[in-house]
Every structure is written in C-alpha cells, then in structure tokens.
Amino acid sequence: MYLATTGRRDAPPRPSGARRRVPGTVLVLGTVSLVTDVSSEMVTAVLPLYLVLGLGLSPLQFGLLDGLTTGATALVRLLGGVGADRGGRHKQVAGLGYALSACSRLGLLLAGGATGWIAGALAVDRLGKGVRTAPRDALITLHSPPEDLGRSFGTHRAMDTTGALLGPLAAFALLWATAEAYETVFAVSFCVGAFGVLVWLLLVPGRPRDPGRPRDPGESRDPGGQRDSGRQRDPARPRDDRGARPKTPAAPRARGGLLAVPRSPAYRRIVLCAALLGAATVGDSFLYLLLQRRLDLDATWFPFLPLGAAAVYLLLAVPAGRLADRIGRRRPLLYGHGALLLAYGLLLAPVPGAAALVGVLVLLGVFYAATDGVLMALTGPFLTEGRQAGGLAVVQTAQALARLGAAVAFGAVWTASGPETALVAALLALAAALVCAARLLPAGPARGGSPT
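Residues numbered from 1 in each chain as written. Predicted model: local features only at pLDDT ≥ 70, side-chain atom pairs only at ≥ 80, totals over all residues. Heavy atoms only, no water.

### Some points on the overall build of the chain
- Scanning the chain for helices and strands turns up 13 helices and two strands.
- Within the span of the chain, comprising 452 residues, buried residues form 47% of the whole.
- Here the analysis covers contacts within the chain between residues at least 6 apart in sequence; of these, 82% occur between residues at least 24 apart.
- Summed over its atoms, the accessible surface of the chain is roughly 21000 Å², and 65% of this surface lies on carbon and sulfur atoms. (Helix = DSSP H or I, 4+ residues; strand = E, 2+ residues; numbered from the N terminus. Buried < 20%, exposed > 50% of the residue type's maximum accessible area, 1.4 Å probe, protein only. Contact = heavy atoms within 4.5 Å. Areas by Shrake-Rupley, 256 points an atom, 1.4 Å probe, with all protein chains shown as cover.)

### Here's the deal with the packing of helix α5 (residues 149-177) against helix α6 (residues 182-203)
- Put simply, α5 and α6 touch, their axes get as near as 9 Å, and they point 140° apart. As far as their axial angle goes, α6 and α5 are oblique. For α5 against α6, the interelement crossing comes out right-handed. On α6, the residues touching A171, L174 and L175 of α5 are Y182, T184, V185 and V188.
- Of the residues belonging to the contact of α5 with α6, the class tally is six nonpolar, one polar and no charged. (Axes fitted to C-alpha atoms, helices over the stretch in contact; angles between N-to-C directions. Parallel < 35°, antiparallel > 145°, perpendicular 65-115°, else oblique. Left-handed = near helix turned anticlockwise from the far one by under 90°. Nonpolar A, V, L, I, M, F, W, Y, C, P; charged D, E, K, R; others polar.)

### Quick word on the pattern of salt bridges
- All chains considered together, the criterion is met by six salt bridges.
- When the shortest N-O distance is used, the salt bridge between R105 and D125 registers 2.8 Å. On the criterion of sequence distance, the pair formed by R105 in helix α3 (residues 90-111) and D125 in helix α4 (residues 115-142) is long-range, its members being 20 residues apart.
- Looking at R105, the relative accessible area reads 2%, which means it is buried.
- A relative accessible area of 15% places D125 in the buried class.
- Residues D137 and R136 are paired through a salt bridge, measuring 3.2 Å at the closest nitrogen-oxygen approach.
- The exposure class assigned to D137 is buried, which follows from its relative accessible area of 0%. (Salt bridge = Lys/Arg side-chain N within 4 Å of Asp/Glu carboxyl O.)

### Looking at α4
- Taking 1.5 Å of rise per residue, the 28 residues of α4 would be expected to cover 40 Å, and the 41 Å separating its terminal C-alpha atoms lies within 8% of that figure.
- A bend of about 30° at T133 is the largest found in α4, and the proline P135 appears one to four places after it. (Expected span 1.5 Å × (residues − 1). Bend = angle between axes of the 7 residues up to and from the residue.)

### What to know about the packing of α3 against α6
- Between α3 and α6, the least distance of the axes is 8 Å, while the angle of their chain directions is 165°. With respect to each other, α3 and α6 are oriented roughly antiparallel. In the packing of α3 onto α6, the handedness of the crossing is left-handed. For the pair α3 and α6, contact is made by H90, K91, A94, G95, Y98, A99, A102, R105, L106, L108 and L109 and by E183, F186, A187, S189, F190, G193, A194, V197, W200 and L201, respectively.
- Split by residue class, the contact of α3 with α6 holds 14 nonpolar, four polar and three charged.

### With respect to the nonpolar core
- One finds W200, L287, Y344, V395, F410 and L441 to be the most contacted residues of the largest nonpolar core, which totals 71 residues.
- Ignoring any residue separated from it by four or fewer positions in sequence, one finds L441 in contact with I270, C273, R330, L333, L334 and L378.
- Core analysis: the next-biggest nonpolar cluster, separate from the first, contains 19 residues, L47, Y50, L122 and V185 among them. (Core = buried A, V, L, I, M, F, W, Y, C linked by side-chain atoms within 4.5 Å.)

### Remarks on the packing of aromatic side chains
- As enumerated under the stated definition, the model contains six aromatic pairs in all.
- Seen in terms of ring centroids, Y98 and W200 are 5.0 Å apart; in terms of plane orientation they differ by 40°. Their pairing is tilted. With Y98 in helix α3 and W200 in helix α6, this residue pair connects regions lying 102 residues apart in the sequence. Pair check on accessibility: Y98 and W200 agree, each one buried.
- Ring centres of F410 and W414 lie 6.0 Å apart, and the angle between their planes is 90°; on these two criteria the pair is classed as edge-to-face. Residue F410 and its partner W414 are located together in helix α12 (residues 388-417), separated by four residues, close to a single helical turn. (Phe/Tyr/Trp six-rings, centres within 6.5 Å; stacked < 30°, edge-to-face > 60°.)

### Concerning a nonpolar patch on the surface
- Together, F195, L198, L201, L202 and L203 make up an exposed nonpolar region whose accessible area comes to about 540 Å².
- Tracing the chain through its elements places L198 in helix α6.
- A relative accessible area of 44% places L198 in the partly exposed class. (Patch = residues over 30% accessible without salt bridge, like charges linked within 9 Å, V, L, I, M, F, W, Y side chains within 5 Å.)

### A word on the environment of Q396
- Residue position: Q396 is located in helix α12.
- The exposure class assigned to Q396 is buried, which follows from its relative accessible area of 6%.
- Taking the C-alpha atoms as reference points, Q396 and G130, separated by 266 residues in sequence, lie 9.7 Å from one another.
- Discounting chain neighbours no more than four positions away, the residues touching Q396 are R77, T133, A134, D137 and M376.

### Some points on the confidence of the model for the chain
- Per-chain confidence: the chain averages 78 in pLDDT, with 75% of residues scoring 70 or above.
- Within the model, the stretch residues 1-18 combines pLDDT values under 50 with 43 contacts to residues more than four positions away or in other chains.
- Contacts for the low-pLDDT stretch residues 209-254, under 50 throughout, to residues beyond four places or in other chains number 56 contacts. (pLDDT = per-residue confidence, 0-100.)

### Notes on helix α8 (residues 284-295)
- Relative to the 16 Å expected for 12 residues at 1.5 Å per residue, α8 spans 16 Å between its end C-alpha atoms, a close match to the ideal helical length.
- Among all positions in α8, only L287, Y288, L290 and L291 are buried. When α8 is viewed along its axis, its buried side chains cluster within an angular range of 155° and face the same direction.
- Directly after α8, the chain includes D296, whose backbone phi takes a positive value near 55°. (Arc of directions from axis to C-beta.)

### Looking at the environment of V362
- As for its position among the elements, V362 is in helix α11 (residues 353-379).
- When the C-alpha atoms of V362 and A309 are compared, they prove to be 5.9 Å apart, with 53 residues separating the residues in sequence.

### Regarding the side chain of R136
- Its location among the elements puts R136 in helix α4.
- There is a polar contact of 3.2 Å between the side chain of R136 and the side chain of D137.
- With residues near it in sequence (within four places) discarded, R136 still touches L29, S33, A94, Y98, H156 and R157. (Polar contact = N/O pair within 3.5 Å; in protein donor to acceptor, adjacent residues only side chain to side chain.)

If you want it as structure tokens, here you go:
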C-alpha cells in the first residue's frame, strides 16, 4: 500500500520489443545538470590551487573549509525535499538551488582574497546543491514510468557526468590562455551557471501531468484543446447531469511531515543500507591521494585523475540503468559496491603502478555507474504519493552523513597508523556492510514487475 502511484498506472503494457524512449523532461533535466556541472567543476578543479597556492591557505585550513561546507549540504537536502513536496513545488525549489549555486560563482569573483567571503560563497554553492538534488531527482521519478527509472536516472547521470568532464578541461584551458587569471574562470563559470538557470526556467515543466491519466498513442486533441482518445463517445462510461464524464480521482497523498515518509519497511531497509554502505565508502580524494603517493605523480597531473573515473562513469551509466531495469536494481547496487571493494584491494595489492592507476579509475567509474542513479531508481517505487522528494532526500542525507563520518574516520586512522592500515580497515568495513546489505535490501521491480 505504500508503493508510489507515479508513472503510467493505467497505461497498457508495452510490447517487450518496443523501443523505449527517455522522457523529454528527463533530457531537459540532464541538460541543466550538464551545464551546471560544467560551471561547478570549473571552480572545483581550480579551487585547491587557488586557495592553497594563490592565497596561501594550508591544506588543513582547506580541508576544514571543504568539510564544513560539505557537511552542511547533507542537512539541507531534507529541507529541500520537504519544501518541494508541499504543493508540488519541485521546479521552484530546485530552481532556487540552481540559482544559489550560480550566484556563488559571482561571490567568489567579488571576494578578492578575503577567506571569510570565499567561505561564504562556497557555503552558498553547497547550499544550492543540497536544496536542488532531491526535488530534481523527484522530477525524474515523477516523469518516468516506474519500469524505466533505471534508464532515466542513468541517462541523467551520464549527461551530468559529461559536464563534470568538460568543466575541468574548460577551467585549465582558461588558466592557460589568461596566464592563471582565476577571476576569469569564476566569471565564465557564473555565466555558464546563469545559462543553466535560464534553461531550467524556460524548459522544465512546473508540474507533471496526472500520471493516472496517460495519453494513449492514438490520442488526439479536439479544437477546444480537450483530449479525444476515440473512446469518449462510449455510452457505457458514466456522465454527470451536464453530460461530462467525471474525472478520475487523484491518488491519496501522504500526510504528516517528513516523519510520514519512511512508513514502508522496504523503504526503511533502503535507508539503513544506504547509511551502512556509505559509512564504509572512502572519499574519492583519499583514493586519488593514495594513487599519487604510489605513483609519485606530479602535482600538475593530480586534478586530472577524477576525469578517468568520470569517463568510465559516463560510458556505463546508461547501460547500468538499463540492466537494473531488466534484472532488478538490488544486484547492480551490490555489484557496484563490490567494484569499490576491488578498488581498495587493488591499492593494497603488489601490482605495477600503471595497472593500479587504470584499475582503480575503472573500478571507481563502475562503482558510480552502478550505484548513484540505481539507488534512486530502487527507492522511487517505494515512496508514497506526494512525498517523493522528501523520501529521496532522507536516503541521500543518510548516505551523505555516513560518508562524511567515513572520511573523518579514515583520515584519523591514516594520521594515527598510516594509509595502509586505514585502507585495510575500510576494506573490512565495506565487506561487512555488503554482507548486511545483501540480506536487507529489497529486490525492487524488474522489467514488468512490481516492488517486493
């Protein structure tokens, strides 16, 4: 009774061989994410160089600055999700998040060298990211058939990752062309982010059409704008006193606040597993630092390490989503974390440095392709109507806070006992979390099925 009523409830089942298209709204959302990620990754790629080399901040100061703003993002997700669910204001709340992130680039441009203003601009950027994530993912859920959620999220994440690839390349090209004028990067980033907000305002629909009343393939509109599916003149359908057919009653919406979201036992297990797996997930930056130490890589090439994992993610995001729709979303999620476990093991194994570099980057890309969008697709069918954004926000927040705790714990063990000890501890923790998740995660729907 807690299954979402989003999607094509009354639509006839499509033939298994029919070509499935990604909904247009999902493509628009992916375009906005692509543009926004170009803007944000331009800043992210050069920010450590700007703060540490340009302004003279110590690595510890930069780490504290980044950690505080990242931790605040996790909590803001809940507010964004709840605010979006009230009155179905997904477009408005997510649009506010995109606008805040765009304005933060302007804040960096105007901050000069003042550390306090820079911290404020970074906080606004993370605030915007936290506010928009759950409403945006809820829009993907609302505008996609339940059986195709994996494909929709995979397509969106692939477009998002394209922006993550292009952003650093654009930033370093600008630095090369302007003799390291960081202000130029911030200015261009602001313009790109503003363009993303404009696309959002103009092309993203405000409300999804009634999912309980899908348009049939042969349906058309009469000159008055009313739908005519060819069955309107059926005398067996009841009419009111004026000859009009009554509208199909809307599905009941969940009541209560955010605490009304996790009523489904399956949904609660997903939240628990997201936290368990997140608590054993080492941040990418630590893995890149371990690779840099192992290969003795020049600092100039360090910012390009994430591009390798992002390229693999881009190639595999859509196939992983389609596979999840076909076989169920539980197994790809577990396989993805298994890939991360192999990455930990590869960093500990006595293999040549080049093999470790390629292997870790490929496994990281597989991890994100099989888990990021797939987790949201797994969660979607278990959410109550009208609480999609809040429900997704709870899962995202549980995962983000757990990963923040994992990063702090990993850094503490590294400082106390060395990187190898910290990595062994992370490997054992992830193996234990995988065993628990394999027992707790619900199967979710496979193609043509329903959540279990």
